[in-house]
Amino acid sequence: MSMSTDRMAALSEKAHEAQEQVQHAISEDRKRLSDSVTKAKQDSIQRADKLQREVSAKKAEASASLAGVGTKWQEHVQSVKSRIEDRKAEVDVKRADRAADDAESYALDAINFAAAAIEEAEYATLDAVLARTDADAKHTR
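Residues numbered from 1 in each chain as written. Predicted model: local features only at pLDDT ≥ 70, side-chain atom pairs only at ≥ 80, totals over all residues. Heavy atoms only, no water.

Enquirer: Would you mind going over the overall build of the chain with me for this structure?
Expert: Secondary structure assignment for the chain yields five helices and zero strands. Starting at the N terminus and ending at the C terminus, the chain contains elements arranged as α-α-α-α-α. The buried share of the chain, taken over its 141 residues, is 24%. Within the structure as shown, the chain displays about 9800 Å² of accessible surface, and the carbon and sulfur contribution to it stands at 54%. (Helix = DSSP H or I, 4+ residues; strand = E, 2+ residues; numbered from the N terminus. Buried < 20%, exposed > 50% of the residue type's maximum accessible area, 1.4 Å probe, protein only. Areas by Shrake-Rupley, 256 points an atom, 1.4 Å probe, with all protein chains shown as cover.)

Have a look at this one:
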C-alpha cells in the first residue's frame, strides 16, 4: 500500500505544481503564456495517451469505472462496497491478499486517472487565461 501512498503524494505535488504554473502564467507575457498553453496541452495529450495505453494493457484487470466513468462508476462503487463487506467475513488469507492486490491496483488506476484530470485541468485553465488575455487585448485596442 506504500506504493499507493507514494503515488497519492506525487499526485498532490503535481496538483500543487499545476496551480503554481497557472498562477505564474497569469503574469507572463503573451508569448510565454502561449508557449505554456501549448506545453500544457502536449503534456495533457501525452498523459491521456499514456493512461489509455495503461487501461488497454490492464483491460482484464481494470474496473469498469475507468472505461465508462458515468453509470458504470456507480455500479463499480456498489460492487466494491459489496465485495468489501463479503471479505470482512472471510478468514481465508489468500483471498484477503488477492483482495488487497485488487484494491491497490484499483487505487493506482484511480491515481493515474486523477493525474490525467489534473493535467487536463491545467491545460484548460491556461487556455482560458490565454483566451481572456486575447479578449482583454482586443478591448484595449
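Enquirer: What is the right way to read helix α1 (residues 2-26) from this model?
Expert: A turn of α-helix holds 3.6 residues, and therefore any two residues three or four places apart point the same way. The terminal C-alpha atoms of α1, which comprises 25 residues, lie 36 Å apart, in line with the 36 Å expected from a rise of 1.5 Å per residue. Of the residues making up α1, those classed as buried are S4, L11, A18, V22 and A25. (Expected span 1.5 Å × (residues − 1).)

Enquirer: Help me understand the nonpolar core, please; the structure alone is not making it clear to me.
Expert: Counting residues in each nonpolar core, the largest one holds seven residues, listed as V22, A25, V37, A40, Y123, L126 and L130. The set of elements that each furnish at least two residues to this core consists of α1, α2 (30-57) and α5 (93-139). Of all the elements, α5 adds the most residues to this core, at three residues. Once residues lying within four places of it in the same chain are set aside, the contact partners of A40 are E122, Y123 and L126. Among the nonpolar cores identified, the runner-up in size contains five residues, and L11, I111, A115 and I118 belong to it. (Core = buried A, V, L, I, M, F, W, Y, C linked by side-chain atoms within 4.5 Å. Contact = heavy atoms within 4.5 Å.)

Enquirer: Sorry if this is basic, but what is going on with the confidence of the model for the chain here?
Expert: If pLDDT is low for a region, its predicted coordinates should not be looked at in detail. Across the chain, the average pLDDT comes to 77, with 76% of residues at or above 70. Mean pLDDT values over the elements of the chain span from 46, in helix α3 (residues 64-67), up to 87, in α5. Contacts for the low-pLDDT stretch residues 62-67, under 50 throughout, to residues beyond four places or in other chains number 10 contacts. (pLDDT = per-residue confidence, 0-100.)

Enquirer: Teacher, can you tell me more about the side chain of E119 here?
Expert: The topology assignment puts E119 in helix α5. Exposure remark for E119: the relative accessible area of 9% places this residue in the buried category. Dropping the residues within four chain positions of it, E119 is found in contact with K14, D43, S44 and R47.

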